[in-house]
Amino acid sequence: MKLIISNLKMNFTLEEAKSYKEALDTLECKKNTLIICPSYPYLSYFNGKNYYLGSQNIASRKMGSLTGEVSIEQLISLGIQYAIIGHSERRIYSNEDDHLIRKKMALCFDYHVVPILCIGESLEEKEKKLEVLKKQLDTVLYDLELKEIIIAYEPVWSIGTGNTPAHDEIKSTLQWIKEYMKNNYSIECKVIYGGSVNQRNIESLNRIEEIDGYLIGGASLKIEELRKIIEILEVKK
Ligand code: PGA
């Protein structure tokens, strides 16, 4: 069964978030396939029966004096079971590096929150993609006691641009990530794809059997598009 992870990013006012949530409740979707990641202030509104809740980030420390941050314990108390960690927008705009991301991953494992670890190369790094992915994985995961983890392969140049890698490239990269995790970390993990996934390309992307699911930004903001994607992936109830 394919996962659909909806990253709502910094979108929606409270009123818009409420109507999105109401429309979400009308979607017919198997619960264990859909994970919704709204902005922090709206988390408590999203308590539907047909999806799980994820956060878009967590603080790098447990609790206490860290003005403007939200801790994993607070997020758990709002109902999250998943957390997006190391999204490229946080790496780029909030200067998150692999060492900080490592701390967040460790917290997720400690608190039994399933991390959705985002990795991916920039346009300039395209030629040395596997080297970049290997460094991101190793700096973040080396020597941690791993629990359940989802890895999201998201080429930075593909996010929000309408461009996706060639399908055989996605296939070989996902195969490589799965093998690498098995051989070096003795773990079989779900590997999902993210970057300009929409109702037009989902059908052909879904022919790549290595893809265990999708991290979807822009296209998940429109309920009708999300409904279409759910139908195409046949994860309807
Ligand atoms: P996009 O975003 O679907 O709008 O490209 C994906 C993401 O940022 O995870």
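The coordinates are above.
Residues numbered from 1 in each chain as written. Predicted model: local features only at pLDDT ≥ 70, side-chain atom pairs only at ≥ 80, totals over all residues. Heavy atoms only, no water.

Attention now moves to empty space enclosed by the protein. Counted according to the given criterion, the structure contains one cavity of 30 Å³ or more. Of the voids in this model, the largest cavity is the one considered here, and its volume is about 40 Å³. The wall of the largest cavity is formed by S88, R91, C118, I119, G120, Q136, E154 and V156. Put simply, the parts of the chain that give the lining of the largest cavity at least two residues each are α3 (88-93) and β5 (114-119). (1 Å grid on protein atoms, 1.4 Å probe; cavity = no way out; pocket = protein on both sides within 12 Å on 5 of 7 lines; lining within 4 Å. Points joined across faces, edges and corners; volume = space filled by probe spheres on them. Helix = DSSP H or I, 4+ residues; strand = E, 2+ residues; numbered from the N terminus.)

In this section: the sheet that holds strand β3 (residues 52-55). Taken in spatial order, the eight strands close into a barrel running β1-β2-β3-β4-β5-β6-β7-β8, and their pairing is parallel. Each strand axis lies, on average, 25° off the axis of its neighbour in the sheet, ignoring direction. Examined bridge by bridge, strand β6 (residues 150-153) and strand β7 (residues 190-194) share four bridges and lie parallel to one another. From the neighbouring strand, A152 faces β7, where its bridge partner is I192. (Pairing = 2+ DSSP bridges. Axes fitted to C-alpha atoms, helices over the stretch in contact; angles between N-to-C directions.)

Moving on to the layout of surface pockets. Size it by volume and the largest pocket reaches roughly 440 Å³. Taken together, 18 residues form the lining of the largest pocket, with K9, M10, Q56, N57 and R90 sitting closest to its centre. Ranked by residue count, the leading element in the lining of the largest pocket is α3, at three residues. The residue inventory of the lining of the largest pocket, partitioned by class, reads seven nonpolar, seven polar and four charged. In this model, the second largest pocket occupies a volume close to 230 Å³. Surrounding the second largest pocket, 18 residues form its lining, G160, S196, V197, G217 and G218 being those nearest its centre. When grouped by side-chain class, the residues that make up the lining of the second largest pocket number five nonpolar, 10 polar and three charged. (Nonpolar A, V, L, I, M, F, W, Y, C, P; charged D, E, K, R; others polar.)

To continue, consider helix α5 (residues 129-141). In a regular helix each residue adds 1.5 Å, so 13 residues correspond to 18 Å; α5 covers 18 Å between its end C-alpha atoms and thus fits that length. Listing the buried residues of α5 in full gives K129, V132, L133, Q136, L137, V140 and L141. Along the axis of α5, the buried positions cluster into a sector of 130°, meaning they face one direction only. Those residues of α5 that are exposed and angled more than 90 degrees off the buried face are E131 and K135. Contacts made by the buried residues of α5 are with α3, α4 (98-111), β5, β6 and α6 (167-185). Note on α5: the residue one or two positions beyond its end, D143, has a positive phi of about 70°. (Expected span 1.5 Å × (residues − 1). Buried < 20%, exposed > 50% of the residue type's maximum accessible area, 1.4 Å probe, protein only. Arc of directions from axis to C-beta. Contact = heavy atoms within 4.5 Å.)

The subject of this paragraph is the site of the ligand. Close contacts around the ligand come from N7, K9, H87, E154, I159, G160, G195, S196, L215, I216, G217 and G218, and that covers them all. Between E154 and the ligand, the recorded distance is 2.6 Å, taken from a side-chain N or O atom to an oxygen atom. One of the backbone N or O atoms of S196 is found 2.8 Å from an oxygen atom in the ligand. Isolated, the ligand exposes 280 Å² of accessible area, and the fraction of that covered by the protein chains is 95%. Its atoms largely coinciding with the cavity grid, the ligand occupies the second largest pocket. Looking at the shell around the ligand residue by residue, the classes come out as three nonpolar, seven polar and two charged. (Near = heavy atom within 4 Å. Polar contact = N/O pair within 3.5 Å; in protein donor to acceptor, adjacent residues only side chain to side chain. Areas by Shrake-Rupley, 256 points an atom, 1.4 Å probe, with all protein chains shown as cover. Sits in = over half its atoms within 2 Å of the grid points.)

Let us look at the packing of α5 against α6. It is the contact of α5 with α6, at a shortest axis distance of 11 Å, that shows an interaxial angle of 35°. Here α5 and α6 pass one another in a crossing that is right-handed. Between α5 and α6, the residues in contact are K129, L130, L133, K134, L137, D138 and L141 and E169, T173, W176, I177, Y180, M181 and Y185, respectively. (Left-handed = near helix turned anticlockwise from the far one by under 90°.)

Under the counting rule described, the total for this entry stands at six aromatic pairs. Here the aromatic rings of Y20 and F46 are separated by 6.3 Å at their centres, their planes lie at 45°, and the arrangement is tilted. Remark: F46 occurs in the loop between β2 (34-37) and β3 and Y20 occurs in helix α1 (residues 14-25); sequence separation between them is 26 residues. Each member of the pair, Y20 together with F46, is buried. Ring centres of Y52 and Y82 lie 6.1 Å apart, and the angle between their planes is 50°; on these two criteria the pair is classed as tilted. Here the residue Y52 occupies a position in strand β3, and Y82 occupies one in strand β4 (residues 82-85), the gap between them amounting to 30 residues. Feature note: the residues F12, Y20 and F46 constitute an aromatic cluster, connected by ring pairs. Its end group placed over the ring of W157, K126 keeps NZ or CZ at 4.1 Å from the ring centre. (Phe/Tyr/Trp six-rings, centres within 6.5 Å; stacked < 30°, edge-to-face > 60°. Lys NZ or Arg CZ within 6 Å of the ring centre and 35° of its normal.)

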